[in-house]
Structure formats: C-alpha cells, structure tokens
Amino acid sequence: MNPEIIPMPPAAQDTCGRKNHGCPEDDRLLEAWVRKVNSRWLVHSGLQHRANAYLDHLAATDHTRLIDSLRIVRELVRTLGPVEDPKPRFYAGLFSLATDEEAKRYLHDHLFTLSLIPVGAHLEHPSSDVPEVCTQVRRLREDIHKCILAVQAAA
C-alpha cells in the first residue's frame, strides 16, 4: 500500500443503509450541521460567507424555506458518489429554492452554482449560452430538481 495514500474511514450509514456523511436526521440539528460543514470548507470568492448570509436571511425571513433547503442539502449529500466532490451538491442544494433576487444577490459571482439551481437558468450570466459541459452536470441538475420536488411533496 502506498504510504502517501491515507484510506478514508467508512462513512456512517443511516437506518436505511444509505451513507449519511454525518447529516443529522433531526431537522433541529440540520442547520447547525450545514453551518459547521460550510465553515470548514475552502471555497472560492467568498461562497462560504455568502452561504452564511443566505442562511441568516432565510432564518429571518422564511423559516419554512430554510428547513426545506436544509432538507434538500441532506438528500443531495446522501446521493454522493464514492469519489464525487460534495461541494456542488451541498451549495446547489442550499441555494436551490432561492428567488431570482436572492440568486442575484448571493450567487452573482458563483456561476457554476448558479447554473445548477432552478432560477439560474432564467438569469442572464456569462455561462448561460454555454452548452452542457458533461453528463454529470446534467445529472446533478436532475438530482437537485428531484430533491426539491420530494422535499416539497413531503411538507
């Protein structure tokens, strides 16, 4: 075994046998978990601070949408592939229910995340006329849409 490669411990699993990557089942703990994960990641262009500001905004203005967004993050993180980067799913899930105005305010310089969320397709941005980059991006968009529908149907 290569000494430079450190194996990751097996991911925790919920009662259904799905990997939960540490996501709490209890909605009351979910916001704290999302904030903790967000605070630990290295991301570009202040996305970490914008995500916290967006969470603060939702907490102050629309608690129902906050909880739904957190649930979408949880479901998207559960569907991670074994070598998939969790950040796109995490941030796209978090901002998935953003309004046009919120997307413009919090994601104006985060074009990849913006391109993954439903309102992003309607906003003008430099990447709006770029064709689909790959199947993974299309699949991620579809997964996000399915999670939004599932969380809203369960509410």
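Structure: see above.
Note that the structure is a prediction, hence the values are computed from the model and not measured. (Residues numbered from 1 in each chain as written. Predicted model: local features only at pLDDT ≥ 70, side-chain atom pairs only at ≥ 80, totals over all residues. Heavy atoms only, no water.)

Here we look at the overall build of the protein
On a plain count of helices and strands, the protein comes out with seven helices and zero strands. Reading the protein from its N terminus to its C terminus gives the helix and strand order α-α-α-α-α-α-α. A buried classification covers 39% of the 155 residues belonging to the protein. (Helix = DSSP H or I, 4+ residues; strand = E, 2+ residues; numbered from the N terminus. Buried < 20%, exposed > 50% of the residue type's maximum accessible area, 1.4 Å probe, protein only.)

Details of the side chain of histidine 110
Within the element layout of this structure, histidine 110 appears in the loop between helix H5 (100-107) and helix H6 (111-116). At a separation of 3.2 Å, a polar atom in the side chain of histidine 110 contacts the side chain of aspartate 109. (Polar contact = N/O pair within 3.5 Å; in protein donor to acceptor, adjacent residues only side chain to side chain.)

A look at the nonpolar core
By size, the foremost hydrophobic cluster in this structure holds 38 residues, and its most contacted members are Trp33, Val34, Phe90, Leu94, Phe95 and Ile117. Contributions of two or more residues to this core are made by helix H1 (27-40), helix H2 (47-61), helix H3 (63-78), helix H4 (86-95), H5, H6 and helix H7 (135-154). If you tally residues by element for this core, the top one is H3, at seven residues. Discounting chain neighbours no more than four positions away, the residues touching isoleucine 117 are Ala92, Phe95, Ser96, Ala103 and Leu107. (Core = buried A, V, L, I, M, F, W, Y, C linked by side-chain atoms within 4.5 Å. Contact = heavy atoms within 4.5 Å.)

Some details on the packing of H1 against H4
Each pair of packed helices can be summarised by the angle the axes make with each other and by the distance between the axes. Where H1 meets H4, the axes come as close as 12 Å, and the angle between the chain directions of the two elements is 130°. One way to sum up the angle between H1 and H4 is to call them oblique. At the point where H1 passes H4, the crossing takes the left-handed sense. Residues Trp33, Val34, Val37 and Asn38 of H1 lie in contact with H4, whose contacting residues are Phe90, Tyr91 and Leu94. Considering only residue class, the contact of H1 with H4 consists of six nonpolar, one polar and no charged. (Axes fitted to C-alpha atoms, helices over the stretch in contact; angles between N-to-C directions. Parallel < 35°, antiparallel > 145°, perpendicular 65-115°, else oblique. Left-handed = near helix turned anticlockwise from the far one by under 90°. Nonpolar A, V, L, I, M, F, W, Y, C, P; charged D, E, K, R; others polar.)

Quick notes on the environment of threonine 79
Relative to the assigned elements, threonine 79 resides in the loop between H3 and H4. When near neighbours in sequence (up to four residues on either side) are disregarded, threonine 79 contacts Glu84 and Arg89.

Quick notes on the packing of H1 against H2
It is the contact of H1 with H2, at a shortest axis distance of 9 Å, that shows an interaxial angle of 160°. Comparing their axes, H2 and H1 come out roughly antiparallel. Considering the relative orientation of H1 and H2, their crossing is left-handed. Each of Val34, Arg35, Asn38, Ser39 and Arg40 in H1 lies in contact with H2, whose residues at this interface are Gln48, Ala51, Asn52, Leu55 and Asp56. Residue composition of the contact of H1 with H2, by class: three nonpolar, four polar and three charged.

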